Amino acid sequence: MAPVSACTNAGATIALAMDAGASGCCFRERAGLAPMSGPRRIVCLTEEPTETLYALGEQDRIVGISGFTVRPPQARREKPRVSAFTSAKIDAILALQPDLAIGFSDIQADIAAELVRRGVEVWIANHRSVDGILDYVRRLGALVGAAQRASEYADALQRRLDAVAARAAALPLRPKVYFEEWDTPIITGIRWVGELVAIAGGEDVFPELSAQPLAKGRILADGDAVVARAPDIILGSWCGKKFRPQQVAARPGWGMIPAVRDGELHEIKSPLILQPGPAALTDGVEAIAAVIHGWAARRGI
């Protein structure tokens, strides 16, 4: 699959942004960008601001990234890694002299608080829906003086989602889908994933949990609730470790679940779906769609 930059049709500037050889002043001149304004030394504590800034051609502003960053690949080669998700190298961040740090959710509240105490401006986003991700792209773009490009990029991401939804509309039957983001305790129901499942042609079996903004509100007391919902497909994305279908299938009572009975347990790689940014709206939703269409094809639907 082509990288998102090659598929968005958001203009030559965005395509040029993903050129690994384009950086700094030379890049801005080649891309026809205005002189830099706004924050100039940004530390990205999570993956989605890094991917977004690269896509907008604003990667020269980034001075530090999360150690989990894999998109785009050149970010790991070009930028120092100074944080995980729940921890950060505060002294290393301060040595970079950032004028802004960008993170996500209450889980990074302690990191944010320490940086604020040390004089760093911090933006902790908390978007949880597909619309929220698109709005995040626009807000981040506006913050760095790239509002027009960010709007074009968000519109291109929406068109890509619309294309996935159009393919899904041809399915005569929508499978019930259970998505598991952690195994011990069992956590499910993350909102943007449930929405992407619907766009891809499935039905999230725990839609009521999507209103819970925090992971602790989406913990299942035990696996019986999943058995009762009888999903046709199980998707797993265990952040930081490999999804183990055999381990899931061996849970008490899970043998009667249609997905387990039919061998429909599939991993969606964490970098594609568990960060609320461009990856989820492109390769992430398309990975889900591939599983759903494969399920339908195996049943002659």
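Since we're looking at a predicted model, the values are computed, not measured.

1. Regarding the overall build of the protein chain
- Helix and strand counts for the protein chain come out as 14 helices and ten strands.
- Scored against the burial criterion, the 301 residues of the protein chain give a buried share of 54%.
- Counting only contacts in the protein chain whose residues sit at least 6 apart along the sequence, the fraction spanning at least 24 positions is 62%.
- When the accessible surface of the protein chain is totalled, it reaches about 12,600 Å², and 55% of it is carbon and sulfur.

2. Details of helix H3 (residues 47-55)
- Burial analysis of H3 places nine of its nine residues in the buried class, which makes it a mostly covered element.
- What H3 keeps buried is the set Glu47, Glu48, Pro49, Thr50, Glu51, Thr52, Leu53, Tyr54 and Ala55.
- Gly57 sits one or two positions beyond H3 and adopts a positive phi of about 80°.

3. A few points about the layout of surface pockets
- Considered as a void within the structure, the largest pocket measures approximately 860 Å³ in volume.
- Residue lining of the largest pocket: 34 residues in total, with Phe85, Ile107, Glu181, Cys239 and Leu274 positioned closest to the centre.
- Broken down by secondary-structure element, the contributors of at least two residues to the lining of the largest pocket are H3, strand S6 (176-182) and helix H13 (270-273).
- In the lining of the largest pocket, the residues fall into 17 nonpolar, six polar and eleven charged.

4. Some thoughts on the pattern of salt bridges
- Taken as a whole and assessed by the stated rule, the structure comprises 22 salt bridges.
- Across the pair Asp91 and Arg118 runs a salt bridge, and its minimum N-O distance is 3.4 Å. Residue Asp91 is located in helix H5 (residues 90-95), and its partner Arg118 is located in the loop between helix H6 (109-117) and strand S5 (122-125); the two are separated by 27 residues in the primary sequence.
- Arg118 gets classed as partly exposed once you look at its relative accessible area, which sits at 41%.
- One network of salt bridges, with partners in common, ties together Glu51, Arg71, Arg160, Asp283 and Glu286.

5. Here we look at the pairing of strand S2 (residues 62-66)
- Here S2 lies mainly inside the structure; five of its five residues are buried.
- A crossover connection joins strand S1 (residues 42-44) to the parallel S2 through H3; in handedness this β-α-β unit is right-handed.
- As a crossover connection, the stretch from S2 through helix H4 (residues 73-78) into strand S3 (residues 81-83) is right-handed.

6. Some words on the side chain of Asp283
- Within the secondary structure, Asp283 is located in helix H14 (residues 278-298).
- Polar contacts involving the side chain of Asp283 include one to the side chain of Arg160, which spans 3.4 Å.

7. Description of the nonpolar core
- The biggest cluster of nonpolar side chains holds 38 residues, and the ones touching the most others in it are Trp192, Leu196, Leu235, Ile273, Leu281 and Ile288.
- Mapped onto this core, the elements with two or more residues apiece are helix H7 (130-143), helix H8 (147-169), S6, helix H9 (191-200), strand S9 (233-236) and H14.
- The biggest single contributor to this core is H14, with ten residues.
- Filtering out sequence-adjacent residues up to four positions away, Leu235 remains in contact with Val177, Tyr178, Phe179, Glu180, His266, Ile268, Ile288 and Val291.

8. Notes on the sheet that holds strand S4 (residues 100-104)
- Pairing is parallel in the open sheet, where five strands are placed in the order S3-S2-S1-S4-S5. This sheet does not close on itself; its edge strands, each paired only once, are S3 and S5. Taken over all neighbouring pairs, the strand axes of this sheet differ in orientation by 25° on average, direction set aside.
- With four bridges connecting them, S4 and S5 associate as parallel partners. Its bridge partner lying in S5, Gly103 is registered against Ile124.

9. Some words on the pairing of S5
- Side chains of S5 alternate between two faces, with Trp123 and Ala125 buried and Val122 and Ile124 left unburied.
- Between S4 and its parallel partner S5, the chain crosses via H6, and the hand of that crossover is right-handed.

10. A short note on the packing of H8 against H14
- Where H8 meets H14, the closest approach of the two axes is 10 Å, and the angle between their N-to-C directions is 5°. Of the possible angle classes, the one that applies to H8 and H14 is roughly parallel. Here Tyr153, Leu157, Arg160, Leu161, Val164, Arg167 and Ala168 of H8 come into contact with H14, specifically with Pro278, Leu281, Thr282, Asp283, Val285, Glu286, Ala289 and His293.
- Taken together, the residues of the contact of H8 with H14 sort by class into nine nonpolar, two polar and four charged.

Scoring rules and cut-offs
- All residue numbers refer to position in the chain's written sequence, counted from 1.
- Reporting of local features is limited, given that this is a predicted model, to residues whose pLDDT is at least 70; pairs of side-chain atoms are given and counted only at 80 or more, and all residues count toward the totals for whole chains, interfaces and linings.
- Side-chain descriptors were evaluated using all non-hydrogen atoms of the structure, hydrogens and water having been removed beforehand.
- Segments assigned H or I by DSSP are reported as helices when at least four residues long, segments assigned E as strands when at least two residues long, and all are numbered from the N terminus.
- Working definition: with a 1.4 Å probe on protein chains only, accessible area under 20% of the residue-type maximum means buried, over 50% means exposed, and in between means partly exposed.
- Any two residues whose heavy atoms approach within 4.5 Å at even a single point are treated as in contact.
- Here the accessible surface of atoms and residues is derived via Shrake-Rupley with a 1.4 Å probe, and residues count as covered only by protein chains that are part of the display.
- Each cavity reported here is a set of points on a 1 Å grid over the protein atoms alone in which a 1.4 Å probe fits but cannot get out, each pocket an open set with protein on both sides within 12 Å along at least five of seven lines, and each lining residue one with an atom within 4 Å of a point.
- Grid points are joined across faces, edges and corners, and a volume is the space filled by probe spheres set on the points.
- Classes in brief: Ala, Val, Leu, Ile, Met, Phe, Trp, Tyr, Cys and Pro nonpolar; Asp, Glu, Lys and Arg charged; the others, Gly included, polar.
- Any carboxyl oxygen of Asp or Glu within 4 Å of a side-chain nitrogen of Lys or Arg constitutes a salt bridge here.
- For a crossover, the right-handed case is the one in which the path from the first strand over the helix to the second runs clockwise, viewed with the strands pointing away from the viewer.
- Throughout this description, a polar contact denotes any pair of N or O atoms lying within 3.5 Å of each other; where both atoms belong to protein, one of them has to be capable of donating a hydrogen while the other can accept it, and for residues adjacent in sequence the pair is counted only when both atoms sit in side chains.
- Definition used in this section: a nonpolar core is a set of buried Ala, Val, Leu, Ile, Met, Phe, Trp, Tyr and Cys residues joined via side-chain atoms within 4.5 Å.
- Whether two strands pair comes down to DSSP finding at least two bridges between them.
- As a rule, the C-alpha atoms of each element are fitted with a line to give its axis, helices using only the stretch in contact, and angles between N-to-C directions run from 0 to 180 degrees.
- The scheme is simple: roughly parallel for angles under 35 degrees, roughly antiparallel for over 145, roughly perpendicular for 65 to 115, oblique for anything else.

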